[in-house]
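The primary structure of each chain is shown beneath.
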Amino acid sequence: MSRKYFGTDGVRGRVGKAPITPDFVLRLGYAAGRVLVQQGIGGDEHPAVLIGKDTRVSGYMLEAALEAGFAAAGVDVMLVGPMPTPAVAYLTRAVRAQAGVVISASHNPYEDNGIKFFSEGGLKLPDAVELAIEAELEKPMGCVDSSALGKARRLDDAAGRYIEFCKASVPYDLDLHGMRVVVDCANGAAYHIAPHVFHELGAEVITIGNQPTGRNINDGVGATHPKALSDAVRQHRADIGVALDGDADRVVMADATGRTYDGDELLYLIVKERQASGRVPGVVGTLMTNLAFEQAMARLEVPFARAKVGDRYVLEMLHEKRWLHGGENSGHILCLDCHTTGDGIVSALQVLKALRLSDQTLAEAGRELQLFPQVLKSVRLTDRKAWESNQALAAAVKEAEARLGGRGRVLLRPSGTEPVLRVMVEGEDGALVSELAGSLAAVAAA
């Protein structure tokens, strides 16, 4: 059955436009609460959900609507305020809540927002539960008797609990003393979390992007705007930089020169360290993972598989194969030996652990993986399916692959949300890659 409201990462959109409106989110909370009650989750007690959010101004409105909806369904609520998405996944498990909810649109601008659910185990909701919630949304909203209404309380020590969880993801003797670290919190959910984690591990911390106004999340800072990190690292003569996105589930890092490292490069360093200390059963990337990374995995004798683009699909394949490590070049990195979901802070700590164990700087360790040039073009189509039967495009792809001579690849990928074809070419020769991407895009658009 297809979903009407849930996408690959919960319910998301522009605030004030369906479905991100207060009335819909009220009904969403009620519907989700009804499902928890009907499934008997929580036993004889009221089910309880934990709600966190990022720093968008709309979070106040949506939090209140969700809280009211859950209470009307007879579900208790624990509020943690601004908190990274991976923190909500952890805290849901830690306090034995029956579900976790994050109000966030991740790396999107502040005008957007969304609602994402976690199961009691800190995992994505099963498809059956999402479909059950959608079915409840089609019914009229009601309210339980006053004696059965849910209650709300604030979990005051949530930040401290999560800080300790992050620190515990690395060995107790990991020492960052003598290291100057710039931490860019993207004016997002980790603004009061990430600086403390690195400071308490001994680093000298310079923090940027830690003055949220409700309207400046991801605005010129964070993992999607790494220039701010690069500039700050050089300005403060730091040893390393860490940039998170608005909900802190992705990370980009910078070395002392300000050169930034994406998710493929950081995942490589983590996997190499894990492989040196024990066999890594396999790694999952996506269709966009750089070919140089795949070749590096082959040199390490680590099996590699590609999932569809999206950390949801990486996670699904990891569970299917019973592997522990995967990620995307965007900075979503999954270390399932540390957490149930992608976590920017935890991932950065795994990189720092690898650097300390190898006694290398990020610049020194990063030289081991030289990514191939990769060019991505977006071609708007009048017919979403027409490219599949485009013989001229098929011939052009075949010719491009022949010119790459086995030292690159071509990928055509339709957008899942708009009539756009993504044309990606990568290879050793940057000039050739750029030329081929341009010519293929022109053929696709003709």
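Look up a bit, the structure's there.
Here the structure is a predicted model, which means the values were calculated and not measured.

Calculation criteria
Residues numbered from 1 in each chain as written. Predicted model: local features only at pLDDT ≥ 70, side-chain atom pairs only at ≥ 80, totals over all residues. Heavy atoms only, no water. Pairing = 2+ DSSP bridges. Helix = DSSP H or I, 4+ residues; strand = E, 2+ residues; numbered from the N terminus. Axes fitted to C-alpha atoms, helices over the stretch in contact; angles between N-to-C directions. Buried < 20%, exposed > 50% of the residue type's maximum accessible area, 1.4 Å probe, protein only. Right-handed = clockwise from strand over helix to strand, strands pointing away. Contact = heavy atoms within 4.5 Å. Salt bridge = Lys/Arg side-chain N within 4 Å of Asp/Glu carboxyl O. Parallel < 35°, antiparallel > 145°, perpendicular 65-115°, else oblique. Left-handed = near helix turned anticlockwise from the far one by under 90°. Nonpolar A, V, L, I, M, F, W, Y, C, P; charged D, E, K, R; others polar.

Undergrad: What is the right way to read the sheet that holds strand S4 (residues 99-103) from this model?
TA: Pairing between the strands of a sheet comes from backbone hydrogen bonds, and it takes one of two forms, parallel or antiparallel. Overall, mixed pairing links the six strands, which are arranged S1-S5-S4-S2-S3-S6 in an open sheet. Here the strands that pair on one side only, and so sit at the sheet edges, are strand S1 (11-14) and strand S6 (152-154). The average angle at which neighbouring strand axes cross in this sheet is 20°, direction not considered. Here three bridges tie strand S3 (residues 76-82) to S6, and the two strands are oriented parallel to one another. By the bridge assignment for S6, Met78 is matched with Arg153.

Undergrad: Can you help me understand the pairing of S3 in this one?
TA: The two faces of the sheet receive side chains in turn, since in a regular strand these alternate between them. Counting buried residues along S3, five of its seven residues qualify, which places the element largely inside the surrounding structure. Sheet topology places strand S2 (residues 48-53) next to S3; six bridges connect them, and they run parallel. Paired with Ala48 across the bridge in S3 is Asp76. For the handedness criterion, the β-α-β arrangement of S2, helix H2 (residues 58-72) and S3 is classed as right-handed.

Undergrad: I keep staring at helix H10 (residues 311-321) and nothing clicks. Help me out?
TA: Residues that lie three or four places apart on an α-helix share one face, since the helix turns once every 3.6 residues. Those residues of H10 not exposed but buried are Asp311, Arg312, Val314, Leu315, Met317 and Leu318. Structurally, H10 contributes buried residues whose contacts are with helix H4 (127-137), strand S12 (283-286), strand S13 (304-307), strand S14 (325-327) and strand S15 (333-335). Backbone geometry just downstream of H10 places Arg322 in the positive-phi region, at approximately 60°.

Undergrad: Sorry, what's going on with the pairing of strand S5 (residues 112-119) here?
TA: Within S5, eight of the eight residues are buried, leaving the element largely enclosed by the surrounding structure. By the alternation rule, side chains of S5 split into Asp112, Gly114, Lys116 and Phe118 and Asn113, Ile115, Phe117 and Ser119, which are all buried.

Undergrad: Could you clarify how one ought to interpret unusual backbone geometry in this entry?
TA: A negative phi angle characterises most non-glycine residues, just as the trans form characterises most peptide bonds. A cis geometry characterises the amide bond from Ala18 onward to Pro19, with omega recorded as 10°. Mapped onto the secondary structure, Pro19 falls in the loop between S1 and helix H1 (22-38). With a phi angle near 60°, Arg96 is a residue other than glycine that sits in the positive phi range. Considering the arrangement of structural elements, one finds Arg96 in the loop between helix H3 (85-94) and S4. We classify Arg96 as exposed; its relative accessible area is 63%.

Undergrad: Can you help me understand the pattern of salt bridges in this one?
TA: Throughout the structure, instances matching the rule amount to 26 salt bridges. A salt bridge links Arg409 to Glu426, with the nearest nitrogen and oxygen atoms 2.4 Å apart. Of this pair, Arg409 sits in strand S17 (residues 408-414) while Glu426 sits in strand S18 (residues 420-427), placing them 17 residues apart in sequence. Both residues of the pair, Arg409 and Glu426, belong to the buried class. Counted as one network, the salt bridges with shared partners bring together Lys124, Asp127, Arg312 and Glu316.

Undergrad: Whenever I open this one, the packing of helix H8 (residues 263-277) against helix H11 (residues 344-358) confuses me. Can you help?
TA: Running from amino to carboxyl end, H8 crosses H11 at an angle of 55°, the nearest separation of the two axes being 9 Å. The angle between the axes of H8 and H11 places the two elements in the oblique class. In this structure, the crossing between H8 and H11 has a hand that is left-handed. Side by side, H8 and H11 meet where Leu266, Leu269, Ile270, Glu273 and Arg274 of the first sit next to Ser347, Gln350, Val351, Lys353, Ala354 and Leu357 of the second. Considering only residue class, the contact of H8 with H11 consists of six nonpolar, two polar and three charged.

Undergrad: Would you mind going over the sheet that holds strand S7 (residues 180-184) with me for this structure?
TA: Read from one edge to the other, the open sheet built from five strands follows the order S8-S7-S9-S10-S11, with strand pairing classed as mixed. Each edge of the sheet is formed by a strand with only one pairing partner; in this case those strands are strand S8 (204-208) and strand S11 (260-261).

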